[in-house]
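# Fold and contact review
Now for the letters of each chain:
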Amino acid sequence: MKLHWQILTALVLGVATGILFPEISTYISWLGDIFMNALNMLVVPIIFFSIVNSLSGIAQNRLKRIGIKTILFYLLTMLIAALCGLLLVNLIEPGSAAQTSGLAVTVPENLTKSGSMLDVVVNYVPRNIFYAFTQNNTIPVIIIAFLTGLALSKISTEGQAYLNGVVRGGLEVTIRITNVIIRCSPFGIFAIVACQFGNSANYFSLLQTILLYAVTVSAGLAIHFFILLPVLLRYGFNVSPARHLRNMSVPLLTAFSTASSSATLPLTLHAVEHKDGVSPKITNFTIPLGATINMDGTALLECVAVIFIAQAYGIDLSVMQQALIVVTSLVCAIGSAGIPMAALVMLALLLNVAGLPPEGIGLVIGVDRLLDMMRTAVNVYGDTCVAVMVAKSEGEKLPIDISATPEK
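Structural notes, computed from the coordinates. (Residues numbered from 1 in each chain as written. Predicted model: local features only at pLDDT ≥ 70, side-chain atom pairs only at ≥ 80, totals over all residues. Heavy atoms only, no water.)

### Section: the overall build of the protein chain
Counting secondary structure elements, the protein chain contains 18 helices and zero strands. Out of the 408 residues in the protein chain, the part that is buried amounts to 53%. Residue pairs in contact within the protein chain that sit at least 24 positions apart in sequence constitute 84% of those at least 6 positions apart. For the protein chain, the computed accessible surface area is about 18,500 Å², with 65% contributed by carbon and sulfur atoms. (Helix = DSSP H or I, 4+ residues; strand = E, 2+ residues; numbered from the N terminus. Buried < 20%, exposed > 50% of the residue type's maximum accessible area, 1.4 Å probe, protein only. Contact = heavy atoms within 4.5 Å. Areas by Shrake-Rupley, 256 points an atom, 1.4 Å probe, with all protein chains shown as cover.)

Following this line, the structure appears as structure tokens:
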């Protein structure tokens, strides 16, 4: 049985077990605790190795101007997606109806402490590198990884070769460990979901809330796909969104059906170059880079999921905390596309940043597979839009320009 079917089965069994045998949570909660501890254990090495590996490769690329421009456009589209999700989840409030307050959740100290913006920024720069790593201080680790990745391109060739090998090896080892944990994830998910429903006072309200979460994410993805990105292409770069979407139909349908950006990469490269008319120099750089760092759909979903979990537990997140979630989701998208079940790992990371209970993953993991196909299609569409944006910013004339004559 494939992993996603195992997870779906674990979800169904967890719901049924929690409703029929609520007292079982006392005996199986340790399974969920082990699974969440294992996910949290991976957060620091995944952040460090993936960001350093991605940035060192980008910094060494000869197309520095195009590279910087591409990264900025990718960050722009991901920011638009994340803000769209943030707006929807705060308007709809899908988690507000959940009766999960009886889960004995301890509100972390960092959610109750008050501090100025300056204090928050100062604390992001660690006094001790090793303290940041051992305490799972996510933002300082991200800053250290960024500085390390950028500095690698400035040292000697021998040093670059050695350290890049160490970083790539560390990333490969981390991914292998992640694969092992992911294979065992159905057991952890079963325990988490069973405990969630076993401790819930209103099962139907909880199921309704999870369904409303899925609707919120789907609406956000549709708005970003059919409205926001097309408007950006039309009015920002004078490109016909309809022609572009028609040209991308094959890779988008493939991405939706396979839920894999990597499997779609050859089709995306061919469509962008031969149908949209983007030059090979830009296509061959922006599309593979986008498969590595661009995650429009994932950034939207993660922001919605974190705020949803906070709402479900009755925890109010300040504007500053929500802004931090958005920024962190953008930064951690760099390199995380190559991580197995990247959305799950990123969600554990963002819950850590927001100081939210990691067990909240059990509320959203069951419907993740259903949303994965839409999310992947949005990710791939974002890659193609950025390739067109970069080409237009470089002065290229494309057959999908508003001023161009449509092909018959």
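Still to come is the rest of the account.
### Structural notes on the nonpolar core
Counting residues in each nonpolar core, the largest one holds 116 residues, and the members touching the most others are Phe-35, Tyr-213, Val-306, Ile-325, Leu-347, Leu-356 and Ile-361. Broken down by element, this core gets its largest block of residues, 14 residues, from helix α2 (residues 25–59). With residues up to four places along the chain from it excluded, the contact list for Ile-361 reads Met-36, Leu-39, Ile-309, Leu-344, Leu-347, Ala-348 and Leu-351. (Core = buried A, V, L, I, M, F, W, Y, C linked by side-chain atoms within 4.5 Å.)

### Focus on helix α12 (residues 249–258)
Burial in α12 covers these residues: Pro-251, Leu-252, Thr-254 and Ala-255. For α12, the buried positions fall inside an angular range of 160° around the axis, keeping them on one side. Structural note: α12 exposes Leu-253 and Ser-257 on the side pointing more than 90 degrees away from its buried face. Where α12 ends, the next residue or the one after it, Ala-259, has phi of about 55°, a positive value. (Arc of directions from axis to C-beta.)

### A closer look at a nonpolar patch on the surface
On the surface, a cluster of nonpolar side chains totalling about 560 Å² of accessible area is made up of Leu-87, Leu-91, Ile-92, Leu-211, Leu-212 and Val-215. Considering the arrangement of structural elements, one finds Leu-211 in helix α10 (residues 203–237). Judged by its relative accessible area of 55%, Leu-211 is exposed. (Patch = residues over 30% accessible without salt bridge, like charges linked within 9 Å, V, L, I, M, F, W, Y side chains within 5 Å. Salt bridge = Lys/Arg side-chain N within 4 Å of Asp/Glu carboxyl O.)

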